[in-house]
Amino acid sequence: MSLSTAHRTVGSADDPAWFRHVLGQYPTGVCVITAQPEDGPPIGMVVGSFSSVSLNPPLVGFYPSVTSETWPHLQRAGNWCVNILAAHQTDVCRRIATAPLAERFDGVPWRPAPSGAPIIDGAVAWIDCVPVAVHDAGDHKIALAEVRHLDTASTELPLLFFRSGYGSFAPLTLTAYDPEMRLTRPLRHFELIRSIAQELPDHGLRCLVTAPVSDSVVVVGQLDPPSATPSAQPTTLVGQRLPFRPHGPSIFEAWAPEREQEAWVARFAPDSQEAEIRALARIRERGFSIGLGSEGHRRFAAALERLAAEPGAVGNEELDALVASLDYEPPELSDEVLAQARVISAPVFDNEGNPVLALTVFGFKARPDVVRAAIAAVTACAGRATSSLGS
Ligand SMILES: Cc1cc2nc3c(=O)[nH]c(=O)nc-3n(C[C@H](O)[C@H](O)[C@H](O)COP(=O)(O)O)c2cc1C
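Cut-off values and rules
All residue numbers refer to position in the chain's written sequence, counted from 1. Per-residue local features of the predicted model are confined to residues with pLDDT of at least 70, and side-chain atom pairs are confined, for both listing and counting, to 80 or more; whole-chain, interface and lining totals are unaffected and use all residues. Only hydrogens and water are set aside; all other atoms, that is, all heavy atoms of the structure, feed into the side-chain values. Only DSSP runs of H or I with at least four residues qualify as helices, and only runs of E with at least two residues qualify as strands; both kinds are numbered from the N terminus onward. The reference for a compact globule is 2.2 Å times residues^0.38; the radius of gyration itself is calculated from the C-alpha atoms. Every residue pair with non-hydrogen atoms within 4.5 Å of one another is taken to be in contact. Segment limits for the domains were obtained from an automatic or database-derived domain assignment. Definition of nearness: a residue and a molecule or strand are near each other if at least one heavy atom of the residue lies within 4 Å of the molecule or strand. For the purposes of these results, a polar contact is taken to be a pair of N or O atoms within 3.5 Å, where, inside protein, one atom must be able to donate a hydrogen and its partner to accept one; residues adjacent in sequence count only when each atom of the pair is a side-chain atom. Reported accessibility uses the Shrake-Rupley method at a 1.4 Å probe radius. Residues are deemed covered only where the shown protein chains occlude them. Each residue gets one label: Ala, Val, Leu, Ile, Met, Phe, Trp, Tyr, Cys and Pro are nonpolar, Asp, Glu, Lys and Arg are charged, and the others, such as Gly, are polar. Think of a salt bridge as a Lys or Arg side-chain nitrogen and an Asp or Glu carboxyl oxygen that are within 4 Å of each other. Here the term buried applies to any residue with accessible area under 20% of the maximum for its type, exposed to any over 50%, and partly exposed to those in between, with areas from a 1.4 Å probe on protein chains only. Here the nonpolar core consists of buried residues drawn from Ala, Val, Leu, Ile, Met, Phe, Trp, Tyr and Cys, with membership extended through side-chain atoms lying within 4.5 Å. UniProt positions are given in the numbering used here, feature names are shortened, and annotations may be inferred rather than shown by experiment. Whether two strands pair depends on DSSP finding at least two bridges between them. Axis definition: a line fit to C-alpha positions, over the contact stretch in the case of helices; interaxial angles, taken between N-to-C directions, run 0 to 180 degrees. Throughout, a crossing is termed right-handed when the near helix is turned clockwise from the far one, and left-handed when it is turned anticlockwise from it by less than a right angle.

Counting secondary structure elements, the chain contains 11 helices and 19 strands. Expected size for 391 residues packed as a compact globule is a radius of gyration near 21 Å; at 30 Å, the chain overshoots this value by more than 25%. Overall, the C-alpha framework of the chain stretches about 90 × 55 × 50 Å when taken along its three principal axes. Across the chain, every contact between residues at least 6 apart in sequence was considered, and the portion connecting residues at least 24 apart equals 63%.

This paragraph deals with the domain arrangement of the chain. Examined at the domain level, the chain breaks down into domain 1 (16–168) and domain 2 (184–388). Each of domain 1 and domain 2 has a C-alpha centre, and the two are 52 Å apart.

For the rest of this paragraph, the subject is the site of the ligand. For the ligand, the set of nearby residues contains 15 residues, the closest of which are Val46, Ser49, Ser65, Ser68 and Thr70. Tyrosine 63 has a polar backbone atom sitting 2.8 Å from a nitrogen atom of the ligand. Threonine 70 is positioned with one of its side-chain polar atoms (N or O) 2.6 Å from an oxygen atom of the ligand. Computed on the free molecule, the ligand has an accessible area of 620 Å², of which 73% lies beneath the protein chains in the complex. A total of three residues in the shell around the ligand trace back to one element, the largest contributor, which is strand β3 (residues 43–47). Within the shell around the ligand, the residues separate by chemical class into eight nonpolar, five polar and two charged.

Turning our eyes to something else, we now look at the pattern of salt bridges. All chains considered together, the criterion is met by 11 salt bridges. Of the charged contacts, one joins glutamate 146 and arginine 148 as a salt bridge, the two residues approaching to 3.9 Å between their closest N and O atoms. The exposure class of arginine 148 is partly exposed, given its relative accessible area of 48%. For arginine 372, the salt bridge identified is with aspartate 335, shortest N-O distance 2.5 Å.

Grouped together as the largest cluster of nonpolar side chains are 34 residues, with contacts concentrated most on Leu200, Ile344 and Leu359. At the level of elements, α4 (184–197), β13 (206–213), β14 (216–223), β16 (289–292), α10 (335–338), β18 (341–349), β19 (355–362) and α11 (368–388) are the ones that each hand at least two residues to this core. Each residue touching leucine 200, except ones within four places of it in the same chain, is listed here: Leu205, Cys207, Leu359, Val361, Ala377, Val378 and Cys381. Formed by 28 residues, the second largest nonpolar core is a distinct cluster that contains Val217, Val265, Phe300 and Tyr328.

For the rest of this paragraph, the subject is unusual backbone geometry. The omega angle of the peptide bond from asparagine 56 to proline 57 is 5 degrees, so this bond is cis rather than trans. Despite not being glycine, arginine 163 shows a phi value in the positive range, around 50 degrees. Tracing the sequence through the fold places arginine 163 in the loop between β11 (159–162) and β12 (165–168). Here the phi dihedral of serine 164 falls at roughly 65 degrees; this positive angle occurs in a residue that is not glycine. Here serine 164 shows up in the loop between β11 and β12. Classification of serine 164 by relative accessible area gives exposed; the value is 68%.

This brings us to the UniProt feature "domain: Flavin reductase like" (unreviewed entry) in the chain. According to UniProt, the "domain: Flavin reductase like" (unreviewed entry) feature falls on residues 23–168. Between the C-alpha atoms that bound residues 23–168 there is a distance of 19 Å. The span itself is 12% helix and 45% strand.

Another point: the sheet that holds β16. Across the sheet, which stays open at both edges, the seven strands sit in the order β15-β14-β13-β19-β18-β16-β17 with antiparallel pairing between neighbours. Every other strand in the sheet has two partners, leaving β15 (241–243) and β17 (327–328) as the edge strands with one partner each. Relative to β15, β14 is paired through three bridges, and the arrangement is antiparallel. Following the sheet pairing, valine 217 is matched in β15 by leucine 242. Packing against the sheet, α4 makes contact with β13, β14 and β19, and its axis sits at approximately 45 degrees to β19.

By the element assignment, histidine 297 lies in helix α8 (residues 295–309). Between the C-alpha atoms of histidine 297 and serine 325, which are 28 residues apart in sequence, the distance is 7.4 Å.

Right, let's talk about the packing of α8 against helix α9 (residues 316–324) for a bit. At their nearest, the axes of α8 and α9 sit 9 Å apart, and the two run at 145 degrees to each other. Of the two possible hands of crossing, α8 and α9 adopt the one that is left-handed. When α8 is examined against α9, the residues Gly296, Arg299, Phe300, Ala303, Arg306 and Leu307 are found in contact with a partner set consisting of Glu318, Leu319, Leu322 and Val323. Taken together, the residues that form the contact of α8 with α9 break down as six nonpolar, one polar and three charged.

Here strand β5 (residues 59–62) shows two buried faces, one formed by Leu59 and Gly61 and the other by Val60 and Phe62. The sheet contact formed by strand β4 (residues 51–54) and β5 spans three bridges and is antiparallel. Its bridge partner lying in β5, serine 52 is registered against valine 60. Relative to strand β10 (residues 140–152), β5 runs antiparallel, the two sharing four bridges. Each bridged residue has a counterpart across the sheet, and for glycine 61 the counterpart in β10 is leucine 144.

Have a look at this one:
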């Protein structure tokens, strides 16, 4: 039958070949529904009609043919396990679709699901379920089952069936598995402003680009002047999670909506809430956050060096305690205070006005003129980065 639509009239649903041809334009995955009868070898049936049906209650279903010899055996079994086959499992698929019922698992390695039904080795995922209803649907049945246990079992791509042939999935967009874009979005923001942030190392400043991710701040970029890069063993803080806790730098909270700020301030001990409200106001007025050198700061910097060399070298609790010991947002920026500055952060806003990244510079000399120049450089750079994101 020609695929061309130029020289034919619209086909009839009464023509089974035409029906199959048109419906064959829709690809399906390939599953094996397995069961372990009480009195014999495991059984399995290949289906392309498997589908997720309901979340509450958790139901799945498939359409067995009324002529299937396997179906009555599956129906008698008290449990099914749905195996989503991987793209390389066409041999398993062919064996189970064609071998006599009692021989389908010969040479097919499997392990029991919680119900005892087979999980086929190499399957992408399995869904252990209990049959709950069967409905008539022409020459097929609609079989529904309630899910009890389920898991992914490999990161392989699934097997697909399309126009009577097997194949696998070729993504048109290569996106990482990050459904809520928690990490992907900040990574993309950093990529968009990377060339602008690159000015900071040109000024001799070391720069970390961070983003709020859930209850943490995550380093998404690190830009060092060439001279600051250790020669023997390159190190990086990219991917490092830093606690986003009261007493840390509050750069991402300073421009947050009022309600969110109130919730943030409420996390402080009652006697330090006023101070935090003033600190947030200072960050907003100044347009940057400033941290002063102190014993806590020196220990924090040393911890970061260790983390850059080896992720996980400093435990979460130790990192939390170090962040809490830092000294941020002094009321006055006199020469004497500026001479103690060790770290300056400026926010980058997205096109909706949310602070989505912070450019944090450090590694400059603790001299008032040098610190003023660093403040000017990082705030100007953050401003240009904000404009480039469309805000
Ligand atoms: C890719 C593929 C998808 C299939 N999908 C279904 C299906 O959704 N429903 C069904 O009844 N049979 C389906 N079959 C056919 C069954 O696997 C099986 O071959 C058929 O039921 C005949 O075997 P039986 O009589 O031993 O059950 C499919 C076969 C293949 C190869």
